[in-house]
Amino acid sequence: MVYHSSFVDEEGITKACGFPLLPLKSHIRGPAPVSDQAKTDIVDEAITFFRANVFFRNFDIKSPADKLLIYLTFYINVALKRLEGCRTLAEGTKAIINLGLEDVPVPGESGFPFPGLFVLPQSQKEAELLRNYLKQIREETSGRLLSVAYRPNGTPNKWWLAFAKRKFMNIIVP
């Protein structure tokens, strides 16, 4: 059984291209609303559910937040693939920073991993809003992922990095 997001209440949540712009526990500047530090946010859910959800080839979508969960699960898979060869936390941090500097494609652009799952942007403003949100959420996910992918002494956590070999929804990670 696939784990679904608990963020099903859509009231008051802004959307861009079918992505809900959910609040984040983040210090990174961006369009995401700030969430209470004591509450679980979508990044926490994505990291918590990643090791179970990555085994599924099909993912039934019950809410727009599930679409964001799918995107984050794929991003975590990409990030773990980049961390696979890194033997220290310093190397891993460098690899994650380089991943964060890459362009963030939005629906309708080449390189977007889920064509057809999200609606195309209606305007350039909506595309930029989504691009900035995805950049912010990717940076936040990367930072939190490093804390679970590496032990406190800076060595890789094999129980996390082993999942770099998995394909999520049969999508080959570049």
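Above: the structure in question.
The present account deals with the structure reproduced in this document. Owing to the predicted nature of the structure, the values given are computational and were not obtained by experimental measurement.

**Details of the nonpolar core**
One finds F19, I42, L68, L80, L83, Y133 and I137 to be the most contacted residues of the largest nonpolar core, which totals 50 residues. Of all the elements, helix α2 (residues 64-83) adds the most residues to this core, at 13 residues. For L83, the residues in contact, after removing those within four places along its chain, are G92, I96, L145, L146, A149, Y150 and L161.

**A short note on the packing of aromatic side chains**
This structure, assessed with the given rule, holds eight aromatic pairs. When the centroid spacing of 5.7 Å and the interplanar angle of 75° are considered together, the rings of F55 and F163 count as edge-to-face. You can see F55 sitting in the loop between α1 (42-53) and α2 and its partner F163 sitting in the segment after α5 (158-161), a full 108 residues away along the chain. Seen in terms of ring centroids, F112 and F118 are 5.7 Å apart; in terms of plane orientation they differ by 80°. Their pairing is edge-to-face. We note that F112, like F118, is buried. Aromatic ring contacts, followed pair by pair, group F19, Y71, F112 and F118 into a single cluster.

**Observations regarding the packing of α2 against helix α3 (residues 89-100)**
One way to put it is that α2 packs onto α3 with a least axis distance of 9 Å and a crossing angle of 135°. For the element pair α2 / α3, the angle class is oblique. When you trace α2 past α3, the crossing you get is right-handed. Residues Y75, V78, A79, R82 and L83 of α2 pack against G92, A95, I96 and L99 of α3. Its residues assigned to classes, the contact of α2 with α3 shows seven nonpolar, one polar and one charged.

**Quick notes on the side chain of S142**
By secondary structure assignment, the location of S142 is in helix α4 (residues 124-149). Non-local contacts of S142, meaning those with residues more than four positions away in its chain, are made with Y75 and I96.

**Remarks on the environment of F74**
On the secondary structure map, F74 appears in helix α2. On the basis of relative accessibility, which here comes to 10%, the residue F74 falls in the buried class. For the pair formed by F74 and P113, sequence separation is 39 residues and the distance between their alpha carbons is 8.3 Å.

Definitions and limits used
- Here the residue index of a chain counts from 1 through its sequence in written order.
- Totals for whole chains, interfaces and linings use every residue, but because this is a predicted model, local features are given only for residues with pLDDT of at least 70 and side-chain atom pairs only at 80 or more, for both listing and counting.
- Based on all heavy atoms of the structure, the side-chain values leave hydrogens and waters out of the count.
- In these notes, a set of buried Ala, Val, Leu, Ile, Met, Phe, Trp, Tyr and Cys residues joined through side-chain atoms within 4.5 Å is what counts as a nonpolar core.
- Only protein chains enter the accessibility calculation, which uses a 1.4 Å probe; a residue is then buried when its area is under 20% of its type maximum, exposed when over 50%, and partly exposed in between.
- Put simply, DSSP H or I for four residues or longer makes a helix, DSSP E for two residues or longer makes a strand, and each gets a number counted from the N terminus.
- Every residue pair with non-hydrogen atoms within 4.5 Å of one another is taken to be in contact.
- Note on aromatic pairs: the rings of Phe, Tyr and Trp (six-membered ring only in Trp) are paired at centre separations within 6.5 Å, and the planes decide the class, stacked below 30 degrees, edge-to-face beyond 60, tilted for the rest.
- Axis definition: a line fit to C-alpha positions, over the contact stretch in the case of helices; interaxial angles, taken between N-to-C directions, run 0 to 180 degrees.
- Put simply, angles under 35 degrees are roughly parallel, angles over 145 are roughly antiparallel, angles from 65 to 115 are roughly perpendicular, and the rest are oblique.
- Crossings are sorted by hand: turned counterclockwise from the far helix by less than a right angle, the near helix makes the crossing left-handed, and turned clockwise it makes it right-handed.
- Note on residue categories: nonpolar means Ala, Val, Leu, Ile, Met, Phe, Trp, Tyr, Cys or Pro, charged means Asp, Glu, Lys or Arg, and polar means any other residue, Gly included.

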